[in-house]
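In case you want the letters, here they are:
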Amino acid sequence: MNKKGIAQFAIPSTLISFLLWFFIAGPIIENVGNSILDKLGSDSICPEEFIMSQYKVCFNANGDVIADGKFHESIKINIDSTVNSCHINAGEYDFNLIGCRLDKFKELEVYNLILVSSKGKISLSGKDVINRISIGSQIVKIKPKELSLVRKLLFLIRFT
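Residues numbered from 1 in each chain as written. Predicted model: local features only at pLDDT ≥ 70, side-chain atom pairs only at ≥ 80, totals over all residues. Heavy atoms only, no water.

Student: Let's hear about the overall build of the chain: which residues, and what values?
Tutor: Looking only at helices and strands, one finds three helices and nine strands in the chain. Mapped in sequence order, the helices and strands of the chain form the string α-β-β-β-β-β-β-β-β-α-β-α. For the chain, long-range pairs separated by at least 24 residues make up 54% of all intrachain contacts whose partners lie at least 6 apart in sequence. When the accessible surface of the chain is split by element, carbon and sulfur atoms take 60% of a total near 10100 Å². (Helix = DSSP H or I, 4+ residues; strand = E, 2+ residues; numbered from the N terminus. Contact = heavy atoms within 4.5 Å. Areas by Shrake-Rupley, 256 points an atom, 1.4 Å probe, with all protein chains shown as cover.)

Printed below as a string of structure tokens:
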């Protein structure tokens, strides 16, 4: 076969394989990878009372405080009748664990959960939070930061 014959065969086959990979194989691998990453996340609850237009505050079963969105001011989360509190500084968060844990979170049934901001206090019955968790209401999967980086890299599979 001469050089012209090889070029006529190689260019269309390369183009077809690229299109198959980009539109069929890449998305399938990306979807499978994303579903696996979703299962690796931990269950957390984001009470609707702590969801504002710009941000939301969530908690996992251990009492870790998770921030998402843009906080224009510092806010404080605490459990009523305890000295333990968590401060979320102003800034932008992407479902980040802020490194703070509410120690009495497991005993929340007898206490209230309180969010304090410049607009005032929002109090939420701990018993209500426990009920929502038990029926699976408002549960979201929070992924560790490392998993969000892997998710971004999965998208690049289409181009390889």
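Student: Provide a residue-level description of the sheet that holds strand E8 (residues 120-125), including the pertinent values.
Tutor: The sheet built from four strands is open, its strands ordered E5-E4-E7-E8 with antiparallel pairing. Bordering the open sheet on either side are strand E5 (85-88) and E8, each of which pairs with just one other strand. Mean inter-strand twist for the sheet, computed between neighbouring axes without regard to direction, equals 15°. Bridge analysis of strand E7 (residues 112-117) against E8 gives six bridges, and the strand direction is antiparallel. (Pairing = 2+ DSSP bridges. Axes fitted to C-alpha atoms, helices over the stretch in contact; angles between N-to-C directions.)

Student: So what's going on with helix H2 (residues 126-135)? Which residues, and what values?
Tutor: For H2, the complete set of buried residues consists of Gly126, Val129 and Arg132. Within H2, the buried residues cover an arc of 120° as seen down the axis, which keeps them to one side. Facing away from the buried side of H2 by more than 90 degrees, the exposed set consists of Ser134 and Ile135. (Buried < 20%, exposed > 50% of the residue type's maximum accessible area, 1.4 Å probe, protein only. Arc of directions from axis to C-beta.)

Student: Requested: an account of the pattern of salt bridges, with residues and values cited.
Tutor: Using the criterion set out here, one finds one salt bridge in the structure. The partner of Arg101 in a salt bridge is Asp64, and the shortest N-O contact between them spans 3.0 Å. On the criterion of sequence distance, the pair formed by Arg101 in strand E6 (residues 91-101) and Asp64 in strand E3 (residues 64-71) is long-range, its members being 37 residues apart. Classification of Arg101 as partly exposed rests on a relative accessible area of 42%. Residue classification places Asp64 among the buried positions, given a relative accessible area of 14%. (Salt bridge = Lys/Arg side-chain N within 4 Å of Asp/Glu carboxyl O.)

Student: Summarise the state of the cysteines; cite the residues concerned and give the values.
Tutor: Applying the stated criterion to the full structure yields two disulfides. With a sulfur-sulfur separation of 1.9 Å, Cys46 is cross-linked through a disulfide to Cys58. Residues Cys46 and Cys58 are joined through a disulfide that is right-handed, its torsion about the S-S bond being 95°. With a gap of twelve residues between them, Cys46 in the loop between strand E1 (42-45) and strand E2 (55-60) and Cys58 in strand E2 connect regions that are remote in the sequence. Between the sulfur atoms of Cys86 and its disulfide partner Cys100 the distance amounts to 1.8 Å. One quick way to see it: the torsion about the S-S bond of Cys86 and Cys100 is about -90°, and its sign makes the bridge left-handed. Of this pair, Cys86 sits in strand E5 while Cys100 sits in strand E6, placing them 14 residues apart in sequence. Given the relative accessible area of 17%, Cys100 is considered buried. (Disulfide = S-S within 2.5 Å.)

Student: Could you give me a rundown of the nonpolar core, with the residues and numbers involved?
Tutor: Grouped together as the largest cluster of nonpolar side chains are 23 residues, with contacts concentrated most on Val57, Phe59, Ile77, Ile88, Leu102 and Leu113. Put simply, the parts of the chain that give this core at least two residues each are E2, E3, strand E4 (75-79), E5, E6 and E7. (Core = buried A, V, L, I, M, F, W, Y, C linked by side-chain atoms within 4.5 Å.)

Student: Before we move on, could you go through the pairing of E3 and cite the residues and values that matter?
Tutor: Of all eight residues in E3, seven are buried; the element is thus mostly enclosed. Bridge analysis of E2 against E3 gives five bridges, and the strand direction is antiparallel. Across the sheet, the residue bridging to Tyr55 is Gly69, located in E3. Pairing geometry for E3 and E6, over six bridges, is antiparallel.

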